[in-house]
Amino acid sequence: MGIDTSCLKHWSPLELMIGVGLLCPVGVLKAQDNPALRWQYSAQGILSYQKSQTPEGLFNPGRLILDDPLNQLSYEARTDVSMEMQSIRLDLRPRLIGSQSRSSEASQWQNQQPDIQWNHATINWTSSWLDLHYGLENYQWGPGEILSPSHTLTGDSILDHLGFYEAPGYQQLRANGSWGENLSLVLLFRPSFSLLKKPAEDQAVLLKPEWRSSDGRWFLGLTVTGQKFEEPTWGLYGQSELWDASFIYFDASITQDLKAKIPLPAEESWLIAQPESKALQHTALAGARYNFPGGADLRVEYLRQSRGFSRLAWNNYRQAIRSADPSLRLPLILQSWSGTQPFASSDLLYSSLRWPDIYKGHFNLQTRLMHSLSDPSALIGLVLDDHVGDHMQWLLEYYQSLGSKDQDLTRGISQILTFACRYAI
């Protein structure tokens, strides 16, 4: 009986290389019991079910813009392998992902073919003052929970982190340098080509110096990001401990960019937008956090976006869509979604409370509240999880939008229920 290799045709050259690299060092070197090789291995199996409801309304007519699956059953196998020899380390995290889903318009479940994804695959070199990393990774920073405005190369927000979410990796070269216990410097380069099946990213360079106090009570970081065909973006973030367990922090970015496209009233009709012109645009987050005795954590954050929609802008959009000629209605709707993710309002307030071990050392509870200050809409979330034995963890997560129809936080999400179970070895 021959071996079926048809699946290999769908793999990119780098995926095949990583697969061979995964087998050879572990199989050959471990078989020889090479004392110079140190390696670690872990695996997880994840099964999750998600039920969601996407509202139909002024900004989503007939669910043409957003039509999330009404029911989705997903399974995922995660493997983490780390091999280290002297100053070189190879980290590989392949994921096998598959799902079944059913939309609001379909009566039958649709199968998604299992696929191998690489969110992390890096080769690393470490010295006493310099670390080099190349490959797929998701490098994060920033003290905020809802968003990191100074990190313009990654668009993740808290709304992406459902279930046992794992952030997607980006192909990049990263150099981390440190001088003493206070100063560190990160240089990050993203090439315009892609060695994996992922879409190629625009070429980008980021420089991030950071200074931390010797006692660890405060830090301050600066970022400068340059992307091809775009103006540079400057970022600043920091955190300070006011007294024991009490912190204040901020995270902001500023760049020269196009003004937000907002409909303007005319004498007889609605203009789709102002003439395109550039101005300084900013995104800024300010927050405070308090850690209670016993591990509970309370935080409040305020987000301000100059490109976001004010209360007047939202009213203009609704009136423009209702009164627009049918041929212009869809472009107006699409325009309201363009460049406004993950939040469209200019002002947003967020709070969260984490309460671990709420009952006899079991059950971790987190509540989240997101409120748009530009219109009367909100999103409330509840997350409950617990460990069963040494290997299993389950999670229940629920989000419900609050407010009248066709508002910022009610036009895209009505409710989401997620139940996930993870088994690790």
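Further up the page is the structure itself.
A quick note: this is a predicted structure, and the numbers were derived from the prediction, not measured. Throughout, residues of each chain are indexed from 1 in the direction in which the sequence is written. Per-residue local features are limited, in this predicted model, to residues with pLDDT of at least 70; the limit for side-chain atom pairs, both in listing and counting, is 80 or more; totals at the level of whole chains, interfaces and linings are taken over all residues. Think of the side-chain values as coming from all heavy atoms in the structure, minus any hydrogens and water.

Caption draft 1: Structural context of the overall build of the protein chain. Only DSSP runs of H or I with at least four residues qualify as helices, and only runs of E with at least two residues qualify as strands; both kinds are numbered from the N terminus onward. When you go through the protein chain residue by residue, the secondary structure sums to 3 helices and 20 strands. Out of the 425 residues belonging to the protein chain, those deemed buried represent 39%. Whether two residues are in contact is decided by their heavy atoms: any pair within 4.5 Å suffices. Sequence separation of 24 or more characterises 56% of the internal contacts of the protein chain that already satisfy a separation of 6 or more. Summing over all exposed atoms, the protein chain offers an accessible surface of approximately 22900 Å²; the carbon and sulfur share of this is 60%. Note on classification: 1.4 Å probe, protein chains only; a residue is buried when its accessible area is under 20% of the maximum for its type, exposed when over 50%, partly exposed between these limits. Residue burial considers only the protein chains on display, and all accessible areas are found by Shrake-Rupley using a 1.4 Å probe.

Caption draft 2: The arrangement of the packing of helix α2 (residues 311-323) against helix α3 (residues 326-337) in detail. Lines fitted to C-alpha atoms define the axes here, with helix axes fitted over just the stretch in contact, and angles between the N-to-C directions of these axes take values from 0 to 180 degrees. Put simply, α2 and α3 touch, their axes get as near as 8 Å, and they point 160° apart. When the axes of α2 and α3 are compared, the pair comes out roughly antiparallel. Taken as a pair, α2 and α3 cross one another with a handedness that is left-handed. Contacts between α2 and α3 involve Tyr317, Ala320, Ile321 and Arg322 on the former and, on the latter, Arg329, Leu332, Ile333, Gln335 and Ser336. Our angle categories are set so that under 35 degrees counts as roughly parallel, over 145 as roughly antiparallel, 65 to 115 as roughly perpendicular, and the remainder as oblique. Left-handed describes a crossing whose near helix is turned anticlockwise from the far helix by less than a right angle; the clockwise case is right-handed.

Caption draft 3: Just the pairing of strand β17 (residues 364-372), in detail. Note on pairing: two strands pair once DSSP finds at least 2 bridges between them. Of the strand pairs in this sheet, strand β16 (residues 347-355) and β17 are connected by 8 bridges, and their pairing is antiparallel. Counted as the bridge partner of Leu349 is His371 from β17. The pairing of β17 with strand β18 (residues 377-388) spans 9 bridges and is classified as antiparallel. Bridge pairing links Met370 to Leu379 in β18. Connecting β17 to the antiparallel partner β18 that follows it, the hairpin turn spans 4 residues.

Caption draft 4: The packing of aromatic side chains, seen in detail. Here the aromatic set is Phe, Tyr and Trp, taking the six-membered ring for Trp, and pairing holds for ring centres within 6.5 Å; pairs whose planes are under 30 degrees apart are stacked, those over 60 apart are edge-to-face, and all others are tilted. Counted by the stated rule, this structure contains 8 aromatic pairs. Plain terms: the ring middles of Phe309 and Tyr317 are 5.2 Å apart, the flat faces sit at 40° to each other, and that makes the pair tilted. Owing to a relative accessible area of 2%, Phe309 belongs among the buried residues under this scheme. By relative accessible area, which is 0% here, Tyr317 ends up buried. Through pairs of rings, three or more aromatic residues link up here, namely Phe59, Phe309, Trp314 and Tyr317.

Caption draft 5: Broad picture of the environment of Thr126. Structurally, the position occupied by Thr126 is in strand β4 (residues 110-126). Assessed through its relative accessible area of 34%, Thr126 is described here as partly exposed. Placed 50 residues apart in sequence, Thr126 and Asn176 show a C-alpha to C-alpha distance of 9.4 Å. Setting aside chain neighbours within four positions, we find Thr126 in contact with Ser87, Arg89 and Asp131.

Caption draft 6: Expanded view of the pattern of salt bridges. Whenever Lys or Arg places a side-chain nitrogen within 4 Å of a carboxyl oxygen from Asp or Glu, that contact is recorded as a salt bridge. One pass over the full model with this rule turns up 18 salt bridges. When the shortest N-O distance is used, the salt bridge between Glu301 and Arg299 registers 3.3 Å. We note that Glu301, like Arg299, is buried. We note a salt bridge from Arg368 to Glu397, for which the minimum N-O separation is 3.7 Å. Separated by 29 residues along the polypeptide, Arg368 in strand β17 and Glu397 in strand β19 (residues 392-403) bring together distant segments of the chain.

Caption draft 7: Geometry of a nonpolar patch on the surface. Residues with no salt bridge and a relative accessible area higher than 30% make up the patches, which join like charges within 9 Å and nonpolar side chains (Val, Leu, Ile, Met, Phe, Trp, Tyr) within 5 Å. There is a patch of nonpolar side chains on the surface, built from Trp129, Trp179, Leu183, Trp211, Trp218, Leu220, Leu222, Trp234, Leu236, Phe250, Ile254 and Leu280 and spanning about 1100 Å² of accessible area. At the level of secondary structure, the elements contributing two or more residues to the nonpolar patch comprise β9 (218-227), β10 (233-243) and β11 (246-258). Of the residues forming the nonpolar patch, the biggest block, 3 residues, is contributed by β9.

Caption draft 8: Local environment of the pairing of β19. By the bridge criterion, 12 bridges tie β18 to β19 in an arrangement that is antiparallel. Bridged to His387 within β19 is Gln393. The antiparallel pairing of β18 with β19 creates a hairpin that spans 3 residues between the two strands, and Gly389 there sits at a positive phi of about 70°. Of the strand pairs in this sheet, β19 and strand β20 (residues 415-424) are connected by 9 bridges, and their pairing is antiparallel. Of the residues in β20, the one forming a bridge with Trp394 is Cys421.

Caption draft 9: Main features of the side chain of Asp375. Mapping Asp375 onto the fold places it in the loop between β17 and β18. N or O atoms within 3.5 Å of each other form a polar contact, as long as, within protein, one can give a hydrogen and the other can take it, and as long as residues adjacent in sequence are counted only when both atoms are side-chain atoms. In terms of polar contacts, Asp375 uses its side chain to reach the side chain of Ser372, at 3.1 Å. Separated by 2.7 Å, the side chains of Asp375 and Ser377 make a polar contact. The contacts of Asp375, once residues within four sequence positions are left out, are Arg311, Trp314, Arg318, Ser345, Gln407 and Asp408.

Caption draft 10: Geometry of the environment of Phe250. Structurally, Phe250 can be placed in strand β11. Look at Phe250 and you get partly exposed, because its relative accessible area is 31%. Put simply, Phe250 and Gly238 are 12 residues apart on the chain and 5.6 Å apart in space, counted from C-alpha to C-alpha. With near-sequence residues (within four places) excluded, Phe250 lies in contact with Pro143, Leu220, Leu236, Tyr237, Gly238, Leu285 and Ala286.

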